[in-house]
Amino acid sequence: MAKITLNINKKDYPLEADPQMPLLWAIRDLAGLKGTKYGCGMAQCGACVVHLDGAAIRSCVTQVSRAAGKKVVTIEGLSETNSHPVQKAWQEIDVPQCGYCHSGQMMSAAVLLREKPNPTDQDIDDAMAGNICRCGTYLRIREAIHTAAELQKKTGTKG
Amino acid sequence: MEKDKTALSRRSFLKASILSGGGMMLTVSWLSSFKSADKTEALGLTENWATLNGYIHILPNNQVKLICPNPEFGQNVMTSLPMMLAEELDVDWKNVSVEMGPHDQAKLGAQFTGGSNSVRMYWKPLREAGAAARQMLREAAAQAWNVPAAEVTTKAGILSHPSGKSASYGDMASKAAIIPVPKDLELKVPKDFNIVSKSKKNVEIKKITSGKPLFGLDYSVEGMLIAMIQHPPAFGMKLKSFDAAEALKMPGIIDVFILKLYADDFEQGGFDTRTFNDLLVIVGNSTWEVMKARKKLVAQWEASGDLKDTIAGRGGKREVTIPGALESTTTHMQQMKEYAAKPAQQLRRDGDPEAAFRTADQVIERTYNGPFLAHNCMEPMNFFAHVTDEKALVAGPLQAPGWSEPTLAKLLNLPADKIEIQMTRMGGGFGRRAYGHYLYEAALISRKVKAPVKLMYTREDDMTYGIYRPMYTATYRAALDANKNLIAFHVKGGGIPEHPIHANRFPAGAVENYLAEGWQIASNITIGAFRAPRSNFNAAAEQSFLDEVAEAAGKDPIAFRLELLKRAKEKPVGENNDYDADRYAGVLELVRDKSNWNKPGNEKYNRGVAAYFCHNSYAAHVVDMVTRDGQPYVARVFSAMDCGIVINPNAATNMVQGAVVDGIGNALYGQLTHKDGATQQSNFHNYRMIRMNEAPKSIEVYFVQNEMDPTGLGEPPFPPVFGAVANALYKMKGKRYYNQPFKDEPEKSI
Ligand code: FES
Ligand code: FES
């Protein structure tokens, strides 16, 4: 056990954690933020994607010690008012079915849109291939990412 | 306004009451087949309204809260069912909030998510509930204004009278609650719908996009422990002994013990399927601590030998023997071949098939195989339980709370009314969560450790536990006469451990001489309903077989099917044909027209078509395939659906698109194999799931517009995708694919 302070969504969480603990479980069990999901635990499905200093990472295979001193953003902190272009686009297109994969999908999409403000379908396929949606909502995810790109242009909001 | 007259269906009755603090609540109760009539009748006498829940709550401030009775697993019932209520209640959808109901079948109906049934079974009762409440509100206004009720009209939650008087539902709700519930109701006809058939957003969309804790895995209470189960490494094995000394030394670990799920003489209900009975359980403070300590468990396993289970489901009490061998896919394939050659159970016979095959000009015979498939719900199995000597609270993802409750009551020796089941949003279901074993496990663990517990399956636990889509095979034979007419059709299907045949489905009824047979092989690999059970295999086999027969007959595959359907309509063969030939033909014609079938402009695609009927609905797809990086890629799909009135078109389109993607993925990649009883796939690195880059660029979905009562939607579009993919592959590769998943590999596909 070690004392680790995690900065999640701009808030400090002083935690006692096994340094090997995957960041996913620190976020879910210790910080109590349940938006980040467990799907596979081995970097295969993307349900657990969060931002670590702005990069999209799979929290299920990232040791919590690696996040110390860095900024973690989870779906709960993607925006304060559920209004990040990605969130708005997801709402507008009504993307989800069960919804379980979508915090990971949106976190991946937000980084894609920051890096490539006008992503092509190919860019989307490349960036999103690591996020499984068992319900098969891929077409809507694609559409929503294009919509989010438009919204981002209008509002200038960055992911 | 035109009206459909309806007397409140005999199976339901309504009860209104005043909410504390004013307002109205309307409860609908069913004489549900799951509860004794006595218990339901007694409700009228013993109601404690403070704790009761109904479908409709109207507050004095005109807020309307509607209750969704059925658990949500992504089929969007939390939106579509309340839309049906709101339609007849005549409220402004903007003022409506929706909550998931508690488990209470006496008041909320069957509460079952499965069989593409939610909309079908609630279509009439929910509209009646809405219409009754509206009528009572009108009556209340009429009394308050001293005018005839017939002169009071409603519009979006406002009551008005030609004299200029007007009030909101909220103003009248408390008065309405004491008006007797009307016996005769008028329901709207489809052309007057304002909410139904108009797309509405998922009522939980904002919670999903902001990461609210909606799912079973997110459910948490103070002091909750985490439990996991180490199950045997193979089907046909059981726990022999274990040593937990090292695991118990790990931080955060509270206990390791063996738990027996069902006692030896336990009578299982039909959906109490479980794979392993002696459970090695590890309990600790947090997920990671349990995951880590689990690796230190030392367990010895041994062959379980043949087991006997007592099943007391439908069809009476019976003993079932579960063979103890360690099974392998290679032996399964061999066994299936042997059984296919043996006599089987006749399921349907029309005419004289043997004679027709003898005299045929041409006989085509093909055999199709499909592997076990894992459901792989995105949220692995899990359940919360807090069980004490007096009562139990359980919460989590569950499709059929009504089937689980009696078993739970028996296992815990508690009366059903001391058991509270809360239904969380499910991260997928696909049939898997109709089997309540993980809920029972959680409850027994909680009772043992005397604490609130969350039982969690890891992905590996989930994928290797069992309850799969069965392994299937079917041999189809078709006889053509000299004029290339289909004169006989024979299907003989089998599976492990059940056969897939729906004997009364198309092309039964369209062929003079017809024979359907089935056989099965017992197995210890557990199986369960998987999105459109049996149909999901049949549609692949039968629809690619028909494609091949059409080709042999020198006919266009759609025209060939339409000819058969015409025959089935005009001069049906035999009785009990399940399907409506007109509606079946309707989706084929629609998809033909929308896809510009056989029209120029589609040359770059290899096109495959298939159609199927199940869950009272009709679906057809045209799949357009291309080669991309040397691999088959479905670039574009056209889908036609006839599921009657569509409640929420945008969400329904989402569902069909999802079914298409799911179908392509399973047709091309889905496969679970076994060696010496062990499942050879355990996570998404070796169980391939379809991904974004493999999803089509477009899936155009068209619904047949009619005013038929709604039928199933979650399952019907799924099965024919397999057949359409197979047929497109043939166009592309010039050879037929008979084994799922459809891929070129040196070894046998399954
Ligand atoms: S849970 Fe991390 S990638 Fe699947
Ligand atoms: S919406 Fe269910 S897994 Fe993506």
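Residues numbered from 1 in each chain as written. Chains lettered and ligands numbered in written order. Predicted model: local features only at pLDDT ≥ 70, side-chain atom pairs only at ≥ 80, totals over all residues. Heavy atoms only, no water.

Naming follows an unreviewed UniProt entry, where chain B appears as Isoquinoline 1-oxidoreductase beta subunit of Dyadobacter jejuensis.

Chain A is annotated in an unreviewed UniProt entry as Isoquinoline 1-oxidoreductase alpha subunit of Dyadobacter jejuensis.

Next up on the list: the overall build of chain A. Across its full length, chain A holds 6 helices and 5 strands. Secondary structure of chain A in N-to-C order comes out as β-β-α-β-β-α-β-α-α-α-α. Relative to the compact-globule value of 15 Å for 159 residues, chain A shows a C-alpha radius of gyration of 15 Å, a close match. A principal-axis box enclosing the C-alpha atoms of chain A has dimensions of 45 × 30 × 25 Å. In chain A, buried positions account for 62% of the 159 residues. Long-range pairs, those at least 24 residues apart, make up 56% of the contacts in chain A with a sequence separation of at least 6. Accessible surface for chain A amounts to roughly 5,700 Å². Of this, 49% is attributable to carbon and sulfur atoms. Charge separation in chain A, taken as the distance between the mean sites of 19 positive and 16 negative side-chain charges, equals 2 Å. (Helix = DSSP H or I, 4+ residues; strand = E, 2+ residues; numbered from the N terminus. Rg over C-alpha atoms; globule rule 2.2 N^0.38 Å. Buried < 20%, exposed > 50% of the residue type's maximum accessible area, 1.4 Å probe, protein only. Contact = heavy atoms within 4.5 Å. Areas by Shrake-Rupley, 256 points an atom, 1.4 Å probe, with all protein chains shown as cover. Lys, Arg positive; Asp, Glu negative; His and termini not counted. Charge placed at Lys NZ, Arg CZ, Asp CG, Glu CD.)

Here we take up the overall build of chain B. Helix and strand counts for chain B come out as 18 helices and 33 strands. For a compact globule of 750 residues, the expected C-alpha radius of gyration is about 27 Å, and chain B comes in at 28 Å, within 12% of that figure. By its C-alpha atoms, chain B is 80 × 70 × 50 Å across when sized along the principal axes. For chain B, the share of sequence-separated contacts (at least 6 apart) that also reach a separation of at least 24 residues comes to 77%. Summed over all atoms, the accessible surface of chain B reaches about 27,800 Å², with 49% contributed by carbon and sulfur. Of the charged side chains in chain B, 88 are positive and 83 negative, and the gap between their average positions amounts to 3 Å.

This part covers helix H4 (residues 118-145) of chain B. Residues and elements named next belong to chain B. Between the first and last C-alpha of H4 there are 40 Å, a value that for 28 residues agrees with the 40 Å anticipated at 1.5 Å per step. In H4, a bend of some 35° at Lys 124 exceeds every other bend along the element, and Pro 125, a proline, comes one to four places later. H4 sits mainly inside the fold: 21 of its 28 residues count as buried. Asn 146 sits one or two positions beyond H4 and adopts a positive phi of about 60°. (Expected span 1.5 Å × (residues − 1). Bend = angle between axes of the 7 residues up to and from the residue.)

Let's shift gears to the pairing of strand E11 (residues 225-230) of chain B. Residues and elements named next belong to chain B. Counting buried positions along E11 yields 5 of 6 residues, so the element is predominantly enclosed. As defined by bridge partners, E11 adjoins strand E24 (residues 453-456) across 3 bridges and the pair is classed as parallel. From the neighbouring strand, Ile 226 faces E24, where its bridge partner is Lys 454. Taken together, the 5 bridges between E11 and strand E15 (residues 278-284) define a ladder with antiparallel strand orientation. From the neighbouring strand, Ile 229 faces E15, where its bridge partner is Val 281. (Pairing = 2+ DSSP bridges.)

Okay, the nonpolar core next. Residue and element names in this part refer to chain B. By size, the foremost hydrophobic cluster in this structure holds 182 residues, and its most contacted members are Ile 445 and Val 725. Counting residues per element, this core draws most heavily on helix H17 (residues 649-668), at 9 residues. Residues within four places of Val 725 in sequence aside, it is in contact with Val 623, Met 625, Val 634, Ile 664, Ala 667, Leu 668 and Phe 742. (Core = buried A, V, L, I, M, F, W, Y, C linked by side-chain atoms within 4.5 Å.)

As annotated in UniProt, the feature "domain: Aldehyde oxidase/xanthine dehydrogenase a/b hammerhead" (unreviewed entry) corresponds to residues 210-305 of chain B in the numbering used here. Each end of residues 210-305 of chain B is marked by a C-alpha atom, and these two atoms are 50 Å apart; helix forms 14% of the span and strand 38%. (UniProt positions renumbered as here; feature names shortened; annotations may be inferred.)

Turning to the packing of aromatic side chains, a few remarks are in order. Residues and elements named next belong to chain B. Per the stated rule, a full pass over the model turns up 30 aromatic pairs over all chains. When the centroid spacing of 6.0 Å and the interplanar angle of 65° are considered together, the rings of Phe 235 and Tyr 468 count as edge-to-face. Here the residue Phe 235 occupies a position in the loop between E11 and strand E12 (237-243), and Tyr 468 occupies one in the loop between helix H13 (459-464) and strand E25 (471-480), the gap between them amounting to 233 residues. Each of the two residues, Phe 235 as well as Tyr 468, counts as buried. An aromatic cluster of at least three residues, connected via ring pairs, comprises Phe 235, Phe 276, Phe 372, Tyr 457, Tyr 465 and Tyr 468. A cation over an aromatic ring shows up here: Lys 448 above the ring of Phe 257, its NZ or CZ 4.6 Å from the ring centre. The cationic tip of Arg 628 hangs over the ring face of Tyr 633; the distance from NZ or CZ to the ring centre is 3.7 Å. (Phe/Tyr/Trp six-rings, centres within 6.5 Å; stacked < 30°, edge-to-face > 60°. Lys NZ or Arg CZ within 6 Å of the ring centre and 35° of its normal.)

Here we take up unusual backbone geometry. Residues and elements named next belong to chain B. In this chain, Ile 496 is followed by Pro 497 through a cis amide linkage whose omega measures 0°. Relative to the elements of secondary structure, Pro 497 occurs in the loop between strand E26 (486-496) and strand E27 (513-520). Of note, Asn 76 is a non-glycine position whose phi angle comes to about 75°, a positive value. The topology assignment puts Asn 76 in the loop between strand E5 (64-68) and helix H2 (77-89). Positioned with a positive phi, Ala 156 is a non-glycine residue whose angle comes to about 45°. Along the polypeptide, Ala 156 turns up in the loop between strand E7 (153-155) and strand E8 (158-160). Since its relative accessible area comes to 33%, Ala 156 is described here as partly exposed.

Quick look at the sheet that holds strand E1 (residues 2-8) of chain A now. Neighbouring strands of a sheet are bound in pairs by backbone hydrogen bonds; such pairs are parallel or else antiparallel. Residue and element names in this part refer to chain A. Strands sit in the order E2-E1-E5-E3-E4 across an open sheet of 5 strands; the sheet is mixed. Two strands close off the open sheet at either side, each with one partner strand: strand E2 (11-17) and strand E4 (55-58). Taken pair by pair, the neighbouring strands of this sheet meet at an average axis angle of 40°, ignoring direction. As judged from the 2 bridges shared by E1 and strand E5 (residues 71-73), these two strands associate in the parallel manner. When the bridges of E5 are listed, Ile 8 appears paired with Val 72. (Axes fitted to C-alpha atoms, helices over the stretch in contact; angles between N-to-C directions.)

The next point concerns the interface of chain B and chain A. Taken together, the 62 residues of chain B in the interface contact 52 residues of chain A. Counting each side, the surface lost to burial between chain B and chain A is near 4,800 Å², with a carbon and sulfur contribution of 57%. Interface area lost by chain B to chain A is led by Trp 288, Met 378 and Met 692 of chain B, which between them contribute 18%. Counting across the chain B and chain A interface gives 5 salt bridges. Among the salt bridges present, the one from Asp 218 of chain B reaches Lys 37 of chain A, with a minimum N-O distance of 2.7 Å. Listing elements by their share of the side of chain B that touches chain A, those giving two or more residues are helix H6 (205-209), helix H8 (287-294), H13, H17 and strand E33 (698-703) of chain B. (Buried area = accessible area lost by both parts, 1.4 Å probe. Salt bridge = Lys/Arg side-chain N within 4 Å of Asp/Glu carboxyl O.)

In this section: the pattern of salt bridges. Enumeration over the complete set of coordinates arrives at 49 salt bridges over all chains. Between Glu 16 of chain A and Lys 3 of chain A there is a salt bridge; the shortest N-O distance is 2.7 Å. Of this pair, Glu 16 of chain A sits in strand E2 while Lys 3 of chain A sits in strand E1, and the two are 13 residues apart along the sequence. A relative accessible area of 71% places Lys 3 of chain A in the exposed class. Between Arg 459 of chain B and Asp 462 of chain B there is a salt bridge, with its nearest N and O atoms 3.8 Å apart. One end of the pair is Arg 459 of chain B and the other is Asp 462 of chain B, both in helix H13 and 3 residues apart, which spans about a single turn. A relative accessible area of 0% means that Arg 459 of chain B is categorised as buried. You can call Asp 462 of chain B buried: its relative accessible area is 4%. In the salt-bridge network here, residues are joined through shared partners; they are Arg 366, Asp 547, Glu 548, Glu 551, Arg 561 and Arg 736 of chain B.

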